[in-house]
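# Geometric and topological summary
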Amino acid sequence: MAEAFRYSAILLCVVLVLLIGCSEQLQSSQGETLLRIQRLLNYPSSLSSWNSSIDFCNSEPNASVTVVCYEKSITQLHIVGNKGTPRLPGDFSIDSFVTTLVGLPSLKVLTLVALGLWGPLPGKIARLSSLEILNVSSNFLYEAIPRELSSLSSIQSLGLDDNMFAGEVPNWIGSLQVLSVLSLRKNMLNGSLPDSLSNLENLRVLALSHNYFQGEVPDLGSLRNLQVLDLEDNAFGPQFPKLGNKLVSLVLSKNKFRDGLPAGVTSYYQLQRLDLSNNTFVGPFPQSLLSLPSVTYLNIAHNKFTGMLSENQSCSADLEFVDLSSNLLTGRMPNCLLQGSKKKALYAGNCLDTGDQNQHPISICRNEALAVGILSQQKKRKPSTTIIAISVVGGIVGGIALVGLIYLAVIKVKSGKTIQKSTTRVIAENASIGYPSKLLSDARYISQTMKLGALGLPAYRTFSLEELEEATNNFNTSAFMGDRSQGKIYRGRLKDGSFVVIRCLKMKRSHGTHNFMQHIELISKLRHRHLVSALGHGFEYYLDDSSVSRIFLVFEYVPSGTLRSWISGGHARQKIHWTHRIAAAIENGGMVGHGASSGASKDPSLSARKNQDEKVDVYDFGLILLEILVGRSLTSGNDVDALQDQLQASISSDDAARRSLVDPAVRRFAAQVQDPWRGDSQSSEGSPVTPTQQPQLHITMHKQ
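Residues numbered from 1 in each chain as written. Predicted model: local features only at pLDDT ≥ 70, side-chain atom pairs only at ≥ 80, totals over all residues. Heavy atoms only, no water.

Okay, the overall build of the chain next. Each helix and strand in the chain was counted, giving 17 helices and 29 strands. For the chain, with 704 residues in total, the buried portion stands at 48%. When contacts within the chain are restricted to residue pairs at least 6 apart in sequence, those whose partners lie at least 24 apart make up 55%. Taken as a whole, the chain presents about 34,000 Å² of accessible surface, with 53% of it coming from carbon and sulfur. (Helix = DSSP H or I, 4+ residues; strand = E, 2+ residues; numbered from the N terminus. Buried < 20%, exposed > 50% of the residue type's maximum accessible area, 1.4 Å probe, protein only. Contact = heavy atoms within 4.5 Å. Areas by Shrake-Rupley, 256 points an atom, 1.4 Å probe, with all protein chains shown as cover.)

Evaluation of the coordinates by the stated rule reveals 3 disulfides. Here Cys57 is linked by a disulfide to Cys69, with a sulfur-sulfur distance of 2.1 Å. On the sign convention where negative means left-handed, the S-S torsion of about -90° between Cys57 and Cys69 marks this disulfide as left-handed. A residue pair is termed long-range when its members are at least 10 positions apart, and Cys57 in the loop between α2 (28-40) and β1 (65-70) and Cys69 in strand β1 qualify at 12 residues. We note that Cys57, like Cys69, is buried. (Disulfide = S-S within 2.5 Å.)

The next subject is the pairing of strand β8 (residues 164-167). Bridge count for strand β6 (residues 140-143) against β8 is 2 bridges, and the pairing is parallel. When the sheet's bridge partners are listed, Glu143 is paired in β8 with Phe165. Here β8 pairs with strand β10 (residues 188-191) via 2 bridges, running parallel. By the bridge assignment, Gly167 is partnered in β10 with Leu189. (Pairing = 2+ DSSP bridges.)

This paragraph deals with the side chain of Ser277. Examined against the element boundaries, Ser277 turns out to sit in the loop between β16 (273-275) and β17 (282-284). Those residues in contact with Ser277 that sit more than four places away from it in its chain are Ser253, Lys254, Asn299, Ile300, Ala301 and Asn303.

What follows deals with unusual backbone geometry. Note that the residue after Gly237, namely Pro238, is joined by a cis bond; omega there is 5°. Relative to the elements of secondary structure, Pro238 occurs in the loop between β14 (235-236) and β15 (249-251). Located in the positive-phi region is Asn42, a residue other than glycine, with phi close to 65°. Within the secondary structure, Asn42 is located in the loop between α2 and β1.

Attention shifts here to the environment of Asp663. Along the polypeptide, Asp663 turns up in the loop between α16 (655-659) and α17 (664-672). Expressed as a C-alpha distance, the spacing of Asp663 and Glu627, which sit 36 residues apart in the sequence, is 9.1 Å.

By the bridge criterion, 3 bridges tie β17 to strand β19 (residues 304-309) in an arrangement that is parallel. Of the residues in β19, the one forming a bridge with Val282 is Lys304. Here β19 runs beside strand β21 (residues 328-331); their pairing, made up of 4 bridges, is parallel. Within the sheet, the bridge partner assigned to Gly307 lies in β21 and is Leu329.

Spatially, the 4 strands line up as an open sheet ordered β17-β19-β21-β23, and their pairing is parallel. The two strands at the open ends of the sheet, each matched to only one other strand, are β17 and β23 (351-352).

Turning to a nonpolar patch on the surface, a few remarks are in order. On the surface, a cluster of nonpolar side chains totalling about 310 Å² of accessible area is made up of Met164, Met188 and Tyr212. Residue position: Met164 is located in strand β8. For Met164, a relative accessible area of 30% puts it in the partly exposed group. (Patch = residues over 30% accessible without salt bridge, like charges linked within 9 Å, V, L, I, M, F, W, Y side chains within 5 Å. Salt bridge = Lys/Arg side-chain N within 4 Å of Asp/Glu carboxyl O.)

Below, the discussion takes up the confidence of the model for the chain. Residues with a pLDDT of 70 or more make up 68% of the chain, whose mean pLDDT is 75. Taken as a whole, residues 603-613 scores under 50 in pLDDT and shows 20 contacts with residues more than four places along the chain or in a different chain. (pLDDT = per-residue confidence, 0-100.)

Take the packing of aromatic side chains next. Under the criterion given, the structure shown has 13 aromatic pairs. Pairing Phe257 with Phe281 gives two aromatic rings, centres 5.8 Å apart and planes at 5°, and the pair type is stacked. Of the two residues, Phe257 sits in the loop between β15 and β16 while Phe281 sits in the loop between β16 and β17, which places them 24 residues apart along the sequence. What makes Phe281 buried here is its relative accessible area of 0%. One aromatic cluster is present, built from ring pairs that chain together Phe240, Phe257, Phe281, Phe285 and Phe305. Between the NZ or CZ atom of Arg461 and the centre of the ring of Phe463, over which it lies, the distance is 3.9 Å. (Phe/Tyr/Trp six-rings, centres within 6.5 Å; stacked < 30°, edge-to-face > 60°. Lys NZ or Arg CZ within 6 Å of the ring centre and 35° of its normal.)

Attention shifts here to the sheet that holds β14. Pairing is parallel in the open sheet, where 6 strands are placed in the order β4-β6-β8-β10-β12-β14. Both outer strands of the open sheet, β4 (118-120) and β14, are each paired with one neighbouring strand and no more.

One can describe the packing of α2 onto helix α3 (residues 94-101) by two numbers: an axis separation of 9 Å at closest approach and a directional angle of 165°. Considering the angle they form, α2 stands roughly antiparallel to α3. The hand of the α2/α3 crossing is left-handed. In this structure, α2 uses Thr33, Arg36, Ile37 and Leu40 to contact α3, whose residues at the interface are Ser96, Phe97, Thr100 and Leu101. Grouping the constituent residues of the contact of α2 with α3 by class yields 4 nonpolar, 3 polar and 1 charged. (Axes fitted to C-alpha atoms, helices over the stretch in contact; angles between N-to-C directions. Parallel < 35°, antiparallel > 145°, perpendicular 65-115°, else oblique. Left-handed = near helix turned anticlockwise from the far one by under 90°. Nonpolar A, V, L, I, M, F, W, Y, C, P; charged D, E, K, R; others polar.)

Turning to helix α15 (residues 637-651), a few remarks are in order. When the terminal C-alpha atoms of α15 are compared, their 21 Å separation across 15 residues agrees well with the 21 Å that a helix rising 1.5 Å per residue should span. Residues of α15 that are buried: Gly637, Val640, Leu643 and Ser650. In a view along the axis of α15, the buried residues occupy a sector of 145°, so they form one face of it. Relative to its buried face, α15 has exposed residues pointing more than 90 degrees away, namely Asn638, Asp645 and Gln648. (Expected span 1.5 Å × (residues − 1). Arc of directions from axis to C-beta.)

Between its terminal C-alpha atoms α2 stretches 19 Å, which fits the 18 Å expected from 13 residues at 1.5 Å a residue. Every buried residue of α2 is listed here: Gln30, Gly31, Thr33, Leu34, Leu35, Ile37 and Gln38. Turning to α2, the residues buried within the fold contact β1, β2 (73-80) and α3. Asn42 occupies a position one or two residues after α2 and carries a positive phi of about 65°.

If you trace the backbone, Leu176 turns up in the loop between β8 and β9 (181-183). Sequence spacing of Leu176 and Leu203 is 27 residues, and the spatial spacing of their C-alpha atoms is 9.8 Å. For Leu176, the contacting residues outside a window of four places in its chain are Leu149, Ser150, Leu152, Ile155 and Leu200.

The following block contains the structure:
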């Protein structure tokens, strides 16, 4: 036993020494590619630190430039210039530039914003077949969107904002099945939108504002994940688009919509921003829009909405801005819009009974409302004599039916029965994405679906928020497993029936996601019988700036428990003895340097004191060894500090004091001096546990 352990310890030390001195080294050809990109961009100030001696993979990221590497290859490249950067010189070749970019074949995220790029976007950019996020906003790219982009089967976010792209949105756009963000704002695109947009089931953001589109908006009602729709400043219309009810932001301003609002618009319970201004919408204004539970911004200015407002109308508590200006509204302003310093309400140019903003006489609104109604009727086809006759008969029958209903209602009331109105259930679901500008400019990383791992586990993949909500019944308390220092933990069940553990990590706005993405990419490839394997991840976003608000990490569910729970006595009367503890430690130690120990800890607050990446695994593995020895969990920095003080004190003490720190189960095993390979060894506490009964131990990555 002693000889075997000594050999394993020596081998482990050698491996640790070698790994501590290692660091990620970039292939020299890719370093040369980056320097060539610097030359082709005319040496912008944001790349002034680049030179032949720089370690690109370990350079400090900033708002202007970030390079992320994995396994000696560049996987993310972010270069952001200054707003208003002029075009690059006349000798710049966009074709040569893209040819150079193709020399980085592992790119998954590419951000080239405000760099003065000009010319038609070459189709050869699609040779970067692993791209998941492409953002070339705020440049001078023109002509049509290249067809070759249709081959980017992994593309999830496509941002071409603020360029000079022309022509129509191609029909093949509907073939990008995993696309979740499509942003084409501020271009010269025209024509009508293709019906194939309705095929993009994963689409969350569709931003097409400030172009020259026209005609009816395709039926988008099947896009159940759509949350942001921005069609501002085009010529869409006249019908209000068919949409799902999960919208968070809907902007239809400055178009040619001129019919009434559908009844379904009042059921957009997640809606926070609604802008219908500068159209010709007619018909009654649905006052219930003011009381939608999530609405913060409502603008219907410069339309032909009619109706009498009530001063007793209720408003959403979160409502901050309302513009009802230049419509045909009468009545009194709701008191809820006139009270409180947080709310700003504009309502000039109506016929309201108020004296503090410019209002028209009520006769003007009535006459114009009548005129609008007559014009709307004239635009419709004149009915035939047969239709008129049917209408008259229908009116008579309808009148008789109405009288009958009134009679039945009176009978029920008189008989003591009451008729209750069904109340609309308010569903307040969390928004998971926001306006795409910062999402695209920061190019938040989304991992590519990976190949099948070992142990028969499914491929690592990206989970949508809807999948995770369904798996946990909208994160119901019945699925809640615990609250740890790094987030809440839930048990979920996927559509295939398999159980998973989902950890929700809250992100502060000031925190970047680059470190998390590198960590996620690493643990996604780990497949080992002593590790709880990661199955995937998902994101939720802040609405206002699209920065990541929560990261969801999905792991396999291990019903037999984890190494920590067994050594700390979390499993009733059974605790594992020394031979199994040291076996798990040796096998886990062999993975130090590959991020396995870091995954086993998932508490960055303990590892933060060791900032150097090459030392984090060693530090985390040390924590695992300490937990194995002392038999209790170290869940905070205070726990570690306290144990460190005890260890320091025990060095100068006698053997009894040092032994007192060790788990009694380990001390009893040492005293018995049993053969570690015998099958009749007793568990240190409670009933005997033979090696065949011993549970498969997992170094957990989802429990603190």
